[in-house]
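# Geometric and topological summary
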Amino acid sequence: TLIAVLDSGTITPTVSGVETLRVTLNGGNLNASSITGATNLEIAAGEAGNTGNISNLATTVTEVTQLADADTVRFGYASGAAGTMTYNFNDTTAGAITNAATTIDNVANLTIAGGDGVAANTTAVDLGSLSGAALTSLTVTSGSDANDTIDTGLITANDLITLTTVSDEAALTLGTIG
């Protein structure tokens, strides 16, 4: 696991052979164009109200786990990639993950998996809004316990063809699709 705190500006590190990238969003940006071999991205807690952008991920990164709140979250693959990604959540401390806005770039097939699989944890998720210009297929699932709700907010995905929802014990709310 490689851990990076993004305070300001943009970094473009050369990294290989690291499976998991854990990034703390404190107002900085990560250009991942020179990172190879990673399969997981973890978005950790930043200071309240901070934003961040993780761009140019390789399509080998197929799972993104958000670990805490962030004001504006933006991540995605390199231009034209149109990859497949699962976006899930695990917050064992605050009990909720709340974003003001969530943008996912160059992902064609996205699964948003609400719930952390632990009944004792409350991981209520509010994405604020969801924007995905390349999105053609979206699957949203709620958690297996009633505390793991998910709310996408307004969904902006003009190329969306397929929308699938799977609601378990927890509530699942989709905003207007535009």
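Please refer to the structure higher up on the page.
Residues numbered from 1 in each chain as written. Predicted model: local features only at pLDDT ≥ 70, side-chain atom pairs only at ≥ 80, totals over all residues. Heavy atoms only, no water.

### Quick notes on the overall build of the protein chain
Just so we agree on the cut-off: Going along the chain from the N terminus, every DSSP run of H or I of four or more residues is numbered as a helix, and every run of E of two or more is numbered as a strand. Each radius of gyration is computed over the set of C-alpha atoms, and the globule rule expresses the reference value as 2.2 Å times the number of residues to the power 0.38. Think of it in three bands: residues with accessible area under 20% of the maximum for their type are buried, residues over 50% are exposed, and the middle band is partly exposed, with areas taken using a 1.4 Å probe on protein chains only. The criterion used for residue contact is that any of the two residues' heavy atoms lie within 4.5 Å. Shrake-Rupley sampling with a 1.4 Å probe provides the accessible areas, and residues are treated as covered by the protein chains on show and by no other component.
Within the protein chain, the secondary structure is distributed over zero helices and 20 strands. Relative to a compact globule of 178 residues, whose C-alpha radius of gyration would be 16 Å, the protein chain shows 15 Å and is just as compact. By the burial criterion, 43% of the 178 residues in the protein chain qualify as buried. Considering only contacts within the protein chain whose residues lie at least 6 apart along the sequence, 51% involve residues at least 24 apart. As displayed, the protein chain has an accessible area near 7,600 Å², and 47% of this comes from carbon and sulfur atoms.

### Remarks on the sheet that holds strand S13 (residues 107–113)
In plain terms, the rule: Only strands that DSSP links by at least two bridges are regarded as paired with each other. Here, axes are lines fitted to C-alpha atoms. For helices the fit covers the stretch in contact, and angles between N-to-C directions go from 0 to 180 degrees.
In space, the eight strands of this open sheet follow the order S1-S4-S7-S9-S11-S13-S16-S19, with parallel pairing throughout. Edge positions in the open sheet fall to strand S1 (2–6) and strand S19 (162–166), since each of these has one partner strand only. Taking the axes of each pair of neighbouring strands and ignoring which way they run, one obtains an average angle of 15° across the sheet.

### Considering the environment of Ser 142
As a reminder, the rule being used: Contacts described as polar in this section are N or O atom pairs within 3.5 Å, which, within protein, must combine one atom able to donate a hydrogen with one able to accept it, while residues neighboring in sequence count only if both atoms come from side chains.
Mapped onto the elements, Ser 142 comes out in the loop between strand S16 (137–141) and strand S17 (150–151). Sequence separation between Ser 142 and Asp 116 is 26 residues; the distance between their C-alpha atoms is 9.6 Å. For Ser 142, the residues in contact, after removing those within four places along its chain, are Gly 114, Asp 148, Ile 150, Val 166, Ser 167, Asp 168, Ala 170, Ala 171 and Leu 172. At 2.8 Å, the side chain of Ser 142 and the backbone nitrogen of Asp 168 are in polar contact.

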